Amino acid sequence: MALESRITQEEIKKEPEKPIDREKTCPLLLRVFTTNSGRHHRVDEFARGNVPSSELQIYTWMDATLKELTSLVKEVYPEARKKGTHFSFAIVYPDPRGKMLKDIGSTVSGRKGADDSMTLQSQRFQIGDYLDIAITPPNRAPPLSARMRPF
C-alpha cells in the first residue's frame, strides 16, 4: 500500500519559521541576477557553471523578505526606484536534469502587495541557489505569469 503526501502550497507557507537572530547568525552570500527586460534569464544561461553578467552579491539571512530584497536592489539600480516598478523573483536551483527556475513572488515599488513579507526560507531557498529578479519599468506591463491570469 503506497502512501501519498497531500501537502498543499498553503500548508507549506503556514509552517512556522524559526526566528533568526541576525546579531548571532552569520549572513549568507546571495547571488542575485537581474534583468531590466521584464523577463527572467533563460535557464540555459546558468548551464555548465556559467552565469549571466548582471550579478549582484548581497549578504543577507534566510528570513529576508522580498520587500527587503527589493529595497537592496533599488539602492544599486536608481532606475528601479520609480514608483510602480515591478520586481518578479525566481529561485534558480540545481536539479538532476540541470538548472531549474521557480517563480516565488513579486513586489511593486511604492505599493504594498501579498508577496512583500514572503521570505527566502518560506520558499525553500537553499544556500547555493541563485535568485533571478526580472525588473519591469512602470511604463511597461509585466509579463503575465500563472499567478496573475487575466481571467
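Residues numbered from 1 in each chain as written. Predicted model: local features only at pLDDT ≥ 70, side-chain atom pairs only at ≥ 80, totals over all residues. Heavy atoms only, no water.

Attention now goes to helix α2 (residues 66-76). Among the residues of α2, those classed as buried are Leu66, Leu69, Thr70, Val73 and Lys74. The buried residues of α2 all sit within an arc of 140° when viewed along its axis, so they share a single face. Against the buried residues of α2 lie β1 (28-35), β2 (55-60), β3 (86-95), β4 (98-108) and β5 (130-136). (Buried < 20%, exposed > 50% of the residue type's maximum accessible area, 1.4 Å probe, protein only. Helix = DSSP H or I, 4+ residues; strand = E, 2+ residues; numbered from the N terminus. Arc of directions from axis to C-beta. Contact = heavy atoms within 4.5 Å.)

Here we take up the pattern of salt bridges. All told, the structure shown has seven salt bridges when counted by the stated rule. A salt bridge links Arg42 to Glu45, with the shortest nitrogen-to-oxygen separation between them at 3.8 Å. On the basis of relative accessibility, which here comes to 52%, the residue Arg42 falls in the exposed class. A salt bridge links Asp116 to Lys67, with the nearest nitrogen and oxygen atoms 4.0 Å apart. Placement of the pair is Asp116 in the loop between β4 and β5 and Lys67 in helix α2, with a sequence separation of 49 residues. The class for Lys67 is partly exposed, based on a relative accessible area of 28%. Counted as one network, the salt bridges with shared partners bring together Arg22, Asp63 and Glu68. (Salt bridge = Lys/Arg side-chain N within 4 Å of Asp/Glu carboxyl O.)

All right, on to the nonpolar core then. Within soluble globular proteins, side chains that are nonpolar generally end up buried alongside one another. In this structure, Leu30, Leu69, Phe89, Leu131 and Ile133 are the most contacted members of the largest nonpolar core, which totals 22 residues. Going through the elements one at a time, β1, β2, α2, β3 and β5 are the ones with two or more residues in this core. (Core = buried A, V, L, I, M, F, W, Y, C linked by side-chain atoms within 4.5 Å.)

With 81% of its residues at a pLDDT of 70 or more, the protein chain has an overall mean of 83. Per-residue pLDDT stays below 50 along residues 146-151; that stretch engages in eight contacts with residues further than four places along the chain or on separate chains. (pLDDT = per-residue confidence, 0-100.)

As a further point, take the side chain of Thr35. By the element assignment, Thr35 lies in strand β1. In terms of polar contacts, Thr35 uses its side chain to reach the backbone carbonyl oxygen of Arg39, at 2.5 Å. (Polar contact = N/O pair within 3.5 Å; in protein donor to acceptor, adjacent residues only side chain to side chain.)

A word on the packing of aromatic side chains. On inspection of all chains with the given rule, the structure shows three aromatic pairs. Aromatic side chains Phe33 and Phe46 sit 5.4 Å apart centroid to centroid with 80° between the ring planes, which places their arrangement in the edge-to-face category. One end of the pair, Phe33, is in strand β1; the other, Phe46, is in the loop between β1 and β2, and 13 residues separate them in sequence. Like Phe33, the residue Phe46 is buried in the burial classification. Their ring planes at 75° and their centres at 5.3 Å tell us that Phe33 and Tyr130 sit as a pair that is edge-to-face. Of this pair, Phe33 sits in strand β1 while Tyr130 sits in strand β5, placing them 97 residues apart in sequence. Side by side, Phe33 and Tyr130 carry an identical accessibility label, which is buried. (Phe/Tyr/Trp six-rings, centres within 6.5 Å; stacked < 30°, edge-to-face > 60°.)

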